[in-house]
Amino acid sequence: MEEIYAKFVSQKISKTRWRPVPSGSLQTAETFATGSWDNEENRVLLWSIGDLGNLDSDGGFEGDHQVLCGTRHYGDVMDLQFFDQERIVAASSTGCVTVFLHHPNNQTLSVSQQWTTAHYHTGPGNPSCSSAPCTGVVCNSPEIVTVGEDGRINLFRVDHKEAVRTIDNADSSTLHAVTFLRTPEILTVNSIGQLKIWDFRQQGNEPSQILSLTGDRVPLHCVDRHPNQQHVVATGGQDGMLSIWDVRQGTMPVSLLKAHEAEMWEVHFHPSNPDHLFTCSEDGSLWHWDASTDVPEKSSLFHQGGRNSTFLSHSISNQANVHQSLISSWLSTDPARDRIEITSLLPNRTLSVNSLDVLGPCLVCGTDSEAIYVTRQLFS
């Protein structure tokens, strides 16, 4: 991989997302969005990655990412997702969900839709509503699904003022993240180690399926679905472990992979090359996991600065009876035979790496050390 380029931006970055490229287009990612947190004034910004390659005074590589435009955001940016090429959905710690519209001709961001009280706490001791953070957003045009600390799930349509569907008491604990499995089905993760599948075709307020980590109820913070095999899901949580699940089978993860030393904040399958997966953590690390099977006799090693350390995996179920070619490389559970190569992508440990995104050969991540890192040659 070529060098990763840092840009110091004077604000803690909570979320980073690439703007999607038009389907069928050959162009690479050029624009990304960031959201900030824990600053006097938080902002949502759009960036162009510009030229990369300037050496900074410390001998590192400094990126020339340029701000295209930005706008103030009330509260911490808890999640950020592109709805389409022009619109970005931001989730706030105030419980508000905002759709920003990018105007490329004069490089401005304006509010095109807003649900100010999408998430809120109510209760016997709290007759008036108090805001609850919106913790996660997922988009599948024309729909937007949000989850929050209040245990509520909202289904919005981008052109509707009111929620199309709300599941008020979906969870008694905090919902931390959400993803689509199939169009009418979503999957949520919560603060007691559970995955729940919800089918919007069903009228009730009960999940259609519950999966969980046995034993300790370790909070799960992030989830991503395999782009080609919708039954394969990856999660990360407070203990830094990477869990791989097959939602068709059983109620426990297929594999638990020892990973980071602190909370895992995000996990992402590569959208077009899903044998590759990326994670980031409170411990200041950003990892690239390579489970591709075309590397002969790949050693199960962790690479950082030329040093190798062994990598632990323990499997919960064995699926040798399933035809190997039909199995995702992430569901192959014999660690002696199927090995995963892990590469640390940041040159040295930093404060928490809060967010990452991958698209084509490009990766972007944002940190509490007020830096954004970008590379454009992930697989070279």
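Residues numbered from 1 in each chain as written. Predicted model: local features only at pLDDT ≥ 70, side-chain atom pairs only at ≥ 80, totals over all residues. Heavy atoms only, no water.

When you go through the protein chain residue by residue, the secondary structure sums to 0 helices and 35 strands. Per-residue burial over the protein chain gives 53% buried out of 380 residues. Sequence-distant contacts, at least 24 apart, represent 52% of the contacts inside the protein chain between residues at least 6 apart. (Helix = DSSP H or I, 4+ residues; strand = E, 2+ residues; numbered from the N terminus. Buried < 20%, exposed > 50% of the residue type's maximum accessible area, 1.4 Å probe, protein only. Contact = heavy atoms within 4.5 Å.)

Glancing now at the nonpolar core. Counting 19 residues, the largest nonpolar core has Leu-242, Ile-244, Leu-277, Trp-289 and Trp-330 as the members making the most contacts within it. Secondary-structure elements contributing two or more residues to this core are β23 (232–237), β24 (242–246), β26 (264–269) and β28 (286–290). In terms of residue count, β26 provides more of this core than any other element does, 3 residues in total. (Core = buried A, V, L, I, M, F, W, Y, C linked by side-chain atoms within 4.5 Å.)

On to the sheet that holds strand β20 (residues 194–199). One open sheet holds the 4 strands; their spatial order is β18-β19-β20-β21, and the pairing between them is antiparallel. Looking at the sheet topology across the chains shown, the edges are occupied by β18 (175–182) and β21 (209–212). Pairs of neighbouring strands in the sheet enclose a mean axial angle of 20°, with direction left out of account. In this sheet, β20 lies alongside strand β19 (residues 185–190) in antiparallel orientation, the contact comprising 5 bridges. Its bridge partner being in β20, Ile-186 is matched across the sheet by Trp-198. (Pairing = 2+ DSSP bridges. Axes fitted to C-alpha atoms, helices over the stretch in contact; angles between N-to-C directions.)

We now examine the packing of aromatic side chains. All told, the structure shown has 5 aromatic pairs when counted by the stated rule. Arranged with centres 4.2 Å apart and planes meeting at 20°, the rings of Trp-115 and Phe-156 form a pair that is stacked. Taken together, the residues span a long stretch of sequence, with Trp-115 in strand β11 (residues 108–115) and Phe-156 in strand β16 (residues 153–157) at a distance of 41 residues. No difference in accessibility class separates Trp-115 from Phe-156, as the two residues are buried. Relative to Trp-289, the ring of Trp-287 has its centre 5.8 Å away and its plane inclined at 55°; by these criteria the two rings are tilted. Three or more aromatic residues joined by ring pairs make a cluster, and in this case those are Trp-18, Phe-32 and Trp-47. Positioned over the ring face of Trp-37 is Lys-12, at 5.5 Å from the centre of the ring. (Phe/Tyr/Trp six-rings, centres within 6.5 Å; stacked < 30°, edge-to-face > 60°. Lys NZ or Arg CZ within 6 Å of the ring centre and 35° of its normal.)

A large share of strand β33 (residues 353–359) lies buried, amounting to 6 of its 7 residues. By the bridge criterion, 6 bridges tie β33 to strand β34 (residues 362–367) in an arrangement that is antiparallel. Bridge pairing in β34 links Val-358 to Leu-363. Two successive antiparallel strands, β33 and β34, enclose a turn made up of 2 residues, where Gly-360 displays a positive phi of approximately 60°.

Moving on, we come to the sheet that holds strand β10 (residues 97–103). Read across the sheet, 4 strands follow the order β8-β9-β10-β11 without closing on themselves; strand pairing throughout is antiparallel. The two strands at the open ends of the sheet, each matched to only one other strand, are β8 (77–82) and β11. Strand after strand, the sheet turns through a mean of 25° between neighbouring axes, direction not considered. Here strand β9 (residues 87–92) runs beside β10; their pairing, made up of 5 bridges, is antiparallel. Following the sheet pairing, Ala-91 is matched in β10 by Val-97.

Note that the residue after Ser-141, namely Pro-142, is joined by a cis bond; omega there is 10°. A positive phi angle, close to 60°, is found at Asp-38, a residue other than glycine. By the element assignment, Asp-38 lies in the loop between β3 (31–36) and β4 (42–48).

This paragraph deals with the confidence of the model for the protein chain. Summarising the model, the protein chain shows a mean pLDDT of 86, and 84% of its residues fall at 70 or more. Under a pLDDT of 50 for its full length, residues 295–326 has, in the predicted model, 62 contacts with residues more than four places off or in other chains. (pLDDT = per-residue confidence, 0-100.)

Here the focus is the side chain of Ser-92. Mapped onto the fold, Ser-92 is located in strand β9. Overall, the relative accessible area of 1% leaves Ser-92 in the buried class. Residues within four places of Ser-92 in sequence aside, it is in contact with His-73, Tyr-74, Gly-75, Asp-76, Met-78, Pro-133 and Cys-134.

If you trace the backbone, Val-147 turns up in strand β15 (residues 143–148). Taking the relative accessible area as the measure of exposure, Val-147 reaches 0% and is therefore buried. Spatially, the C-alpha atom of Val-147 lies 9.7 Å from that of Gly-95, the residues being 52 residues apart in sequence. When sequence neighbours within four positions are dropped, the list of residues in contact with Val-147 reads His-119, Cys-134, Thr-135, Gly-136, Arg-152, Ile-153, Leu-175, His-176, Ala-177, Val-178 and Thr-188.

Across all of its chains, the model carries 0 disulfides by this definition. Lacking any disulfide linkage, Cys-134 is separated from the closest cysteine sulfur, that of Cys-96, by 8.9 Å. Here Cys-365 is not cross-linked by a disulfide; its sulfur's nearest cysteine counterpart is in Cys-280, at 7.2 Å. (Disulfide = S-S within 2.5 Å.)

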